[in-house]
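So the chains spell out like this:
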Amino acid sequence: QQEPMTQSLYSPPGLEFSSGSGSGVPKIVQRTIAKEVCHLQAVGRGRFGEVWRGEWRHEDVAVKVFYSTEEASWARESSIYEQCLMRHENVLAFLASDICGTGGWTQMVLITEYHPLGSLHDFLSQQPVLTLGNTIRLLFSAAKGLAFLHTEICGSPGKPALAHRDIKSRNILVKTGGVCCIADLGLAVRYSSINGMIDPSPPLVQGTKRYFAPEILDSSLDTRCFESLTQADMYAFALVVWETLLRCRLPDSDPVPYRLPFSEHAPNDPSVELMQSLVCEQALRPTVCQHWLTSSYSSAVVEMMTECWQHRASARLTSLRVKKCLRDLDESFRRSDVQGAEADGNC
Ligand code: ADP
Ligand code: MG
Ligand code: MG
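The structure reproduced in this document is the subject of the present report. Everything quoted here is computed from the prediction, not taken from an experiment.

**So, the packing of helix α5 (residues 132-150) against helix α7 (residues 226-246)**
Closest axis-to-axis distance for the α5/α7 pair is 11 Å, and the angle between their directions is 170°. Of the possible angle classes, the one that applies to α5 and α7 is roughly antiparallel. Seen from above, α5 lies across α7 with right-handed handedness. Note on element contacts: α7 touches α5 through F226, T230, D233, M234, F237, V241, T244 and L245, opposite T135, L138, L139, A142, A143, L146 and H150. Its residues assigned to classes, the contact of α5 with α7 comprises 10 nonpolar, four polar and one charged.

**Here's the deal with the coordination of the magnesium ion (ligand 2)**
For the magnesium ion (ligand 2), the protein coordination sphere consists of N171 (OD1) and D184 (OD), at 2.1 to 2.2 Å. In this structure, the magnesium ion (ligand 2) lies 3.8 Å away from the magnesium ion (ligand 3), the two metals sharing D184 as a donor. Separated by 13 residues along the polypeptide, N171 in the loop between β6 (161-163) and β7 (172-175) and D184 in the loop between β8 (179-182) and β9 (189-192) bring together distant segments of the chain. Just as N171 is buried, D184 falls in that class too.

**Observations concerning the site of ligand 1**
Ligand 1 sits among 20 residues. The nearest are F48, K64, E113, R170 and D184. Interatomic distance of 2.8 Å between a side-chain N/O atom of K64 and an oxygen atom of ligand 1. Contacts to ligand 1 include H115, whose backbone N or O atom sits 3.0 Å from a nitrogen atom. Protein chains shield 94% of the accessible area of ligand 1, which is 550 Å² for the free molecule. For the shell around ligand 1, the secondary structure elements donating two or more residues are β1 (38-45), β2 (49-56), β3 (59-66) and β5 (107-113). A class-by-class count of the residues in the shell around ligand 1 yields six nonpolar, seven polar and seven charged.

**Re helix α3 (residues 71-83)**
Spanning 13 residues, α3 covers 18 Å between terminal C-alpha atoms, matching the ideal 18 Å at 1.5 Å per step. Burial in α3 covers these residues: S73, W74, R76, E77, S78, S79, I80, Y81 and E82.

**What about the pairing of strand β4 (residues 94-100)?**
A large share of β4 lies buried, amounting to five of its seven residues. Where β4 lies against β5, six bridges are found, and the strand directions are antiparallel. Each bridged residue has a counterpart across the sheet, and for I99 the counterpart in β5 is M108.

**Notes on the nonpolar core**
M86, L120, F237, W292, M305, V322 and L326 are the most contacted members of the largest nonpolar core, which totals 89 residues. Ranked by residue count, the leading element in this core is α7, at 14 residues. Excluding residues within four positions of it along the chain, F237 makes contact with L139, A142, A143, L146, I167 and V322. Residues A34, V63, V109 and I111 belong to the second largest nonpolar core, which totals 13 residues.

**Quick word on the packing of aromatic side chains**
One pass over the full model with this rule turns up three aromatic pairs. Seen from their ring centres, Y191 and F226 are 4.9 Å apart, and the 15° between their planes marks the pair as stacked. Pair noted here: Y191 is in strand β9 and F226 is in helix α7, with a separation of 35 residues, a long-range link. In this structure Y191 comes out as partly exposed when scored by relative accessible area, which is 22%. Residue placement shows K144 over the ring face of F140; its charged tip is 4.5 Å from the ring centre.

How each quantity is defined
Residue positions within a chain follow its written sequence, with the count starting from 1. The lettering of chains begins at A and the numbering of ligands begins at 1, in the order of writing. Local features are withheld for residues below a pLDDT of 70 in this predicted model, meaning they are given only at 70 or higher, and side-chain atom pairs are given and counted only at 80 or more; totals for whole chains, interfaces and linings count all residues. For the side-chain quantities, the full set of heavy atoms in the structure was used; hydrogens and water were omitted. Between N-to-C directions, angles cover 0 to 180 degrees, with each direction set by a line fitted to C-alpha atoms, over the stretch in contact for helices. Here a helix means four or more residues in a row that DSSP labels H or I, a strand means two or more in a row labelled E, and each is numbered from the N terminus. Should an angle lie under 35 degrees it is considered roughly parallel, over 145 roughly antiparallel, and from 65 to 115 roughly perpendicular; all remaining angles are considered oblique. Should the near helix be turned counterclockwise from the far one by less than a right angle, the crossing is left-handed, whereas a clockwise turn marks it as right-handed. Should any heavy atoms of two residues lie within 4.5 Å, those residues are considered in contact. Gly is placed with the polar residues, together with every amino acid not listed as nonpolar (Ala, Val, Leu, Ile, Met, Phe, Trp, Tyr, Cys and Pro) or charged (Asp, Glu, Lys and Arg). Distances define the donors: N, O and S atoms within 2.8 Å of the metal qualify, as do those within 3.2 Å of Na, K or Ca. Water is excluded, so some sites may look unfinished. Only protein chains enter the calculation, and the probe is 1.4 Å; a residue is then buried if its accessible area is under 20% of its type maximum, exposed if over 50%, and partly exposed in between. One heavy atom within 4 Å of a molecule or strand makes the whole residue count as near it. Nitrogen and oxygen atoms within 3.5 Å of one another constitute a polar contact, given that in protein one can donate a hydrogen and the other can accept it, and given that sequence-neighbouring residues count only through two side-chain atoms. For accessible areas, the Shrake-Rupley method is used with a probe of radius 1.4 Å. Any residue's cover is judged against the shown protein chains and nothing else. Any helix carries an expected span of 1.5 Å times its number of residues minus one. Two strands pair under a simple rule: DSSP has to find at least two bridges between them. Take the buried Ala, Val, Leu, Ile, Met, Phe, Trp, Tyr and Cys residues and link them wherever side-chain atoms come within 4.5 Å; each set so joined is a nonpolar core. Stacked, tilted and edge-to-face are the three classes assigned to paired rings of Phe, Tyr and Trp, where Trp is represented by its six-membered ring and a pair needs centres within 6.5 Å; plane angles under 30 degrees give stacked, over 60 edge-to-face, the rest tilted. For a Lys NZ or an Arg CZ to count as sitting over a ring, it must be within 6 Å of the ring centre and within 35 degrees of the ring normal.

Structure follows, in structure tokens:
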């Protein structure tokens, strides 16, 4: 379902979409948008920049202003959005990218749809609790976004396969309607099966250490193998699943307060050495709460999660498998919910 804002941006009257960009927004329109946006309120901050809620022609937009040292991140995120087919309900929708300024001053911005509920991390920390239905829906939608990124689409316009390389609850946003979209493609790498190239060739240690897969921590990951990069995304995704399960209310038990994975062992910005000791040497994983095993739905999510955080990367589920598993759970949960409501009505 398209929101009116996207409609007006993607089809401004009288303009032809001849740029061939995956976003469908010609560069000239992007520049105009970037010039016309006014920044209203800071809403987030990451390692690469600050994110503002802005306004463009009376509609809210998000404006990510990159730190001047982070041109590479801006260039990578912009080029992925501009060159690849990236329109998907569960991937943050791109509107424009621009670099402007003269002399010693430049400003690099990326303009996207604005989501007032913020990141999944903020949502989980601030929302009262999630129902089982909400939990499955959030996770299923995030898995759809990740599976879309990981999948190569041949054709014109098509998209290369992308590994995200920084999956975490702060890089997933919650849309109104209780579904997620994957954001922050600043470290993403592309892979095309046509030439077998990974672009750019990524360094091993990059991303957020708390979410590093065991093979990144012990340096055994082969960065020349694209599948290895998506397997590391799946490990990080499993940690996000755990964070989300914490806030799920199940019958006869209260949800647990939100916390980051490994927070009891790892302080803010833990070192690689500490994470390696926890995740590889002690084989620690976040604790599975016993009450998650009391419902067949949450038990199935737990089983999927533990398969995704296995030490052996090749044994982990792929994003397509996770998407299918969560789709089945979502469908079956909705059916049982309807039956339950009907049965209640019949009483
Ligand atoms: P960085 O690359 O610096 O980590 P992100 O793109 O991850 O930047 O954005 C940082 C934070 O800003 C996110 O964790 C989120 O809280 C907020 N944010 C980013 N994009 C949006 C958006 N489109 N709508 C609402 N909040 C956003
Ligand atoms: Mg980020
Ligand atoms: Mg980033």
